[in-house]
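Structural overview for review
Listed below are the residues making up each chain.
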There are 2 protein chains.
Amino acid sequence: MSFSPLIRQLIDALRGLPGVGPKTAQRMALHLLERDREVARHLARALEAAMDGVGYCSRCRTLSETEICNLCADPRRDDSLLCILQSPADVWAVEQAGGFHGRYFVLKGNLSPIDGLGPEEIGIPALLACLEDRDVAEVILATNPTVEGEATAHYIANLLKPRGIKVSRIAHGVPLGGELEYIDGGTLAHALAGRTPIG
Amino acid sequence: MSFSPLIRQLIDALRGLPGVGPKTAQRMALHLLERDREVARHLARALEAAMDGVGYCSRCRTLSETEICNLCADPRRDDSLLCILQSPADVWAVEQAGGFHGRYFVLKGNLSPIDGLGPEEIGIPALLACLEDRDVAEVILATNPTVEGEATAHYIANLLKPRGIKVSRIAHGVPLGGELEYIDGGTLAHALAGRTPIG
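Residues numbered from 1 in each chain as written. Chains lettered and ligands numbered in written order. Predicted model: local features only at pLDDT ≥ 70, side-chain atom pairs only at ≥ 80, totals over all residues. Heavy atoms only, no water.

**Side note on the packing of helix α7 (residues 124-133) of chain A against helix α8 (residues 147-160) of chain A**
All names here are of chain A. Cut-off, in case you're wondering: Orientation is described by axes fitted as lines to C-alpha atoms, over the contacting stretch for helices, and by angles from 0 to 180 degrees between their N-to-C directions. Put simply, DSSP H or I for four residues or longer makes a helix, DSSP E for two residues or longer makes a strand, and each gets a number counted from the N terminus. The cut-offs work like this: below 35 degrees is roughly parallel, past 145 is roughly antiparallel, 65 to 115 is roughly perpendicular, and the gaps in between are oblique. Note: crossing handedness is left-handed where the near helix turns anticlockwise from the far helix by less than a right angle, and right-handed where it turns clockwise. For this analysis, residues touch if any pair of their heavy atoms sits within 4.5 Å. Under the scheme applied, nonpolar residues are Ala, Val, Leu, Ile, Met, Phe, Trp, Tyr, Cys and Pro; charged residues are Asp, Glu, Lys and Arg; polar residues are all the others, including Gly.
The geometry of α7 relative to α8 is characterised by a closest axis approach of 12 Å and an angle of 40° between their N-to-C directions. Regarding the angle of α7 to α8, the classification is oblique. Note that α7 runs across α8; the crossing there is right-handed. Contacts between α7 and α8 involve Ile 124, Leu 127, Leu 128 and Leu 131 from the first element and Tyr 155, Ile 156, Leu 159 and Leu 160 from the second. For the contact of α7 with α8, a count of residues per class yields eight nonpolar, no polar and no charged.

**Some details on the interface of chain A and chain B**
Worth spelling out the cut-off: What gets called buried area is simply the loss in accessible area from a 1.4 Å probe that two parts show on being joined, summed for both. The salt bridge definition used is simple: a Lys or Arg side-chain nitrogen within 4 Å of an Asp or Glu carboxyl oxygen. As used in this structure description, the phrase polar contact means that two N or O atoms lie within 3.5 Å; if the pair is within protein, one of them must be able to donate a hydrogen and the other to accept it, and residues adjacent in sequence are counted only when both atoms belong to side chains.
In this complex, chain A contributes 52 residues to the contact, which on the side of chain B involves 52 residues. Buried area between chain A and chain B, both sides added, is near 5300 Å², and the carbon and sulfur share of it is 69%. Linking chain A with chain B are four salt bridges, by the criterion used here. Arg 41 of chain A is the salt-bridge partner of Asp 52 of chain B, the closest N and O atoms lying 2.6 Å from each other. One can count 14 residue pairs in polar contact (both at pLDDT 80 or more) joining chain A with chain B.

**Some details on the UniProt feature "domain: Toprim" (unreviewed entry) in chain A**
Just so we agree on the cut-off: UniProt positions are given in the numbering used here, feature names are shortened, and annotations may be inferred rather than shown by experiment.
Here the UniProt-annotated "domain: Toprim" (unreviewed entry) positions come out as residues 80-175 of chain A. Counted over residues 80-175 of chain A, helix gives 40% and strand 20%. Its end C-alpha atoms are 28 Å apart.

**A word on the pattern of salt bridges**
Note the following rule: For every residue, the accessible area (1.4 Å probe, protein chains only) is compared with the maximum for its type, and the residue is labelled buried under 20%, exposed over 50%, or partly exposed between those bounds.
By the definition in use, this model includes 20 salt bridges over all chains. Here Arg 8 of chain B ties to Asp 12 of chain B by a salt bridge, and the two come within 3.7 Å at their closest N and O atoms. You can see Arg 8 of chain B and its partner Asp 12 of chain B sitting in helix α1 (residues 5-14), four residues apart, about one turn around the helix. Classification of Arg 8 of chain B as partly exposed rests on a relative accessible area of 35%. Here Asp 12 of chain B falls in the partly exposed class, since its relative accessible area comes to 43%. In this structure, the salt-bridge partner of Glu 150 of chain B is Arg 169 of chain B, at a minimum N-O distance of 3.2 Å. Residue Glu 150 of chain B is found in helix α8 (residues 147-160), and its partner Arg 169 of chain B is found in strand β6 (residues 166-169); the two are separated by 19 residues along the sequence. For Glu 150 of chain B, a relative accessible area of 23% corresponds to the partly exposed category. By relative accessible area, which is 26% here, Arg 169 of chain B ends up partly exposed. What you see here is one network of salt bridges that share partners, running through Arg 41 of chain A together with Glu 48 and Asp 52 of chain B.

Right, dumping it as structure tokens:
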């Protein structure tokens with residue numbers, strides 16, 4: 001059967017959401033049309049408002065609807081600590097974990113010459129400019145533990161060390177609550193190599 | 001951490017979609033903001049257009065953006081067969097299965113006195129009016145095999161039999177490809193009681 005054009009277009013548009021396949025999109029479209037038209041209109045307005053109003057913080061480059069984001073504007077944060085991440089989602093994750101009170105700087109992805117992503121593209125010049133302006137004592141590299149993330153971390157470490165800035169990398173190992181028998185070999189090898197003294 | 005208001009509102013609005021929890025909504029919002037702003041704007045327009053443009057077919061009462069839906073307007077369908085279902089989603093399911101070439105009539109749910117749903121509310125008068133207009137030889141009751149669905153089917157069967165219309169109920173039993181050891185007892189008992197001669 002063919003859906004009528006507006007319903008077909010709605011189903012196709014819902015499939016643009018990450019993780020939504022054809023069956024889920026169909027179920028969503030029907031749910032909205034049959035039960036929740038006000039929810040659908042509200043979602044349409046929220047989408048438009050967010051796409052129009054949300055840009056990037058000119059300082060840390062995370063998503064923000066103001067020129068300077070909440071985190072950069074907060075005077076209680078520690079200016080001497082700068083955590084470097086590869087996406088706004090990672091900023092949210094670190095903030096939700098709590099415990100970090102320094103500043104952030106968000107790269108646009110990782111170095112990946114094959115994809116045409118060099119230092120310029122991911123924002124290294126902006127990072128250096130940001131370090132010029134501030135009195136940063138330690139930079140924490142929190143890029144993902146992938147090949148590209150590691151390469152990016154090493155690249156930045158090599159750039160910053162001659163400038164007398166302490167550079168560290170977040171710890172990688174067995175996650176809390178993880179069971180050794182289910183952890184992949186790479187992580188386990190990393191956890192052993194990175195062991196720390198106890199007691 | 002607090003998201004900025006527009007991002008917070010977008011996440012909350014996405015949670016209105018069925019099956020979308022807080023983590024998924026957050027992931028969707030970030031994906032749209034970071035990678036797919038055009039997809040988000042397209043979705044907003046599709047939502048508005050569908051909510052404004054899609055109503056109900058005045059004949060079979062399924063979702064339709066025209067006064068009479070495609071199915072009711074199709075002259076090749078068999079007017080003598082009328083399948084009664086309880087939602088537009090069920091019309092789609094039967095059409096996608098193929099093989100049925102009659103007409104449909106969509107009830108607004110099932111009889112459920114506890115929820116204040118009597119014959120008026122689910123559309124029995126409209127069904128009777130629709131039967132007046134047409135020369136229907138057989139009505140197929142395809143409400144769900146729940147307590148309310150069965151009650152609705154029996155109610156309609158009792159209404160129509162005195163009018164000389166043949167009334168049937170879709171078969172309930174073991175689904176194709178189902179394995180008996182995993183089928184619930186109710187279905188299995190129904191399948192045994194409803195056995196048909198073979199050969």
